[in-house]
Amino acid sequence: MPEEKNKEKLHIRLRVCDTEIPVRVFREEEEMYRRAASLITSIVNVYTNRAQGKKSTIDILYMALIDIALKYEREAKRNETKPFTDILAKLTSEVEEALGNDKD
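This structure is a prediction, so every number in the text was calculated from the model and none was measured. (Residues numbered from 1 in each chain as written. Predicted model: local features only at pLDDT ≥ 70, side-chain atom pairs only at ≥ 80, totals over all residues. Heavy atoms only, no water.)

**Q** Mind showing me how you'd approach the overall build of the protein chain here?
**A** Each helix and strand counted, the protein chain has 4 helices and 2 strands in total. When the helices and strands of the protein chain are read in sequence order from the N terminus, they spell out α-β-β-α-α-α. For the protein chain, the C-alpha radius of gyration of 23 Å lies well beyond 13 Å, the compact-globule estimate for 104 residues. If one aligns the C-alpha atoms of the protein chain with their principal axes, the spans along those axes are about 75 × 45 × 15 Å. Of all 104 residues assigned to the protein chain, the portion counted as buried reaches 13%. Here the contacts in the protein chain between residues at least 6 apart in sequence split such that 16% fall between residues at least 24 apart. Counting 19 positive and 20 negative side-chain charges, the protein chain places the averaged centre of each group 10 Å from the other. (Helix = DSSP H or I, 4+ residues; strand = E, 2+ residues; numbered from the N terminus. Rg over C-alpha atoms; globule rule 2.2 N^0.38 Å. Buried < 20%, exposed > 50% of the residue type's maximum accessible area, 1.4 Å probe, protein only. Contact = heavy atoms within 4.5 Å. Lys, Arg positive; Asp, Glu negative; His and termini not counted. Charge placed at Lys NZ, Arg CZ, Asp CG, Glu CD.)

Written out as structure tokens, the structure is:
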């Protein structure tokens, strides 16, 4: 079984900024990896243009990382389902209680 998973992986080279990075990815995730590399490059380029000559390369990379992480956190918060699950559980228990009372 582990051999099957290895067969599904591809060796690809991602271009991130001015660097090529070799990675092994699952075939179905290749496009996501390529879009991720493109997103990183795009965000780093924005910060490079804004801070050119004012910030070090590492500072620019950190700023880009923070930007990407913030987008990730916002998306995770937007997709948070726990409040809905809690409301559904409460409604379900109220419906079950009401149905149970009708049977008496």
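**Q** Hey, could you run me through the packing of helix α2 (residues 30-51) against helix α3 (residues 57-78) in this one?
**A** Packed helix pairs are specified by the crossing angle of their axes together with the interaxial distance, meaning the distance between the axes. For the pair α2 and α3, interaxial distance at closest approach is 9 Å and the crossing angle is 130 degrees. With respect to each other, α2 and α3 are oriented oblique. When the axes of α2 and α3 are compared, the crossing they make is right-handed. Contacts from I40, I43, V44, Y47, T48 and A51 of α2 reach α3 at I60, L61, M63, A64, D67, I68 and K71. The residue inventory of the contact of α2 with α3, partitioned by class, reads 10 nonpolar, 1 polar and 2 charged. (Axes fitted to C-alpha atoms, helices over the stretch in contact; angles between N-to-C directions. Parallel < 35°, antiparallel > 145°, perpendicular 65-115°, else oblique. Left-handed = near helix turned anticlockwise from the far one by under 90°. Nonpolar A, V, L, I, M, F, W, Y, C, P; charged D, E, K, R; others polar.)

**Q** Even after reading the chapter, I still don't get the packing of aromatic side chains, so can you show me in this structure?
**A** Two aromatic rings, taken as a pair, are described by how far apart their centres are and by the angle between their planes. For the coordinates displayed, the defined rule picks out 0 aromatic pairs. A cation sits over an aromatic face here: K9 above F26, 5.0 Å from the ring centre. Positioned over the ring face of Y47 is R50, at 5.4 Å from the centre of the ring. (Phe/Tyr/Trp six-rings, centres within 6.5 Å; stacked < 30°, edge-to-face > 60°. Lys NZ or Arg CZ within 6 Å of the ring centre and 35° of its normal.)

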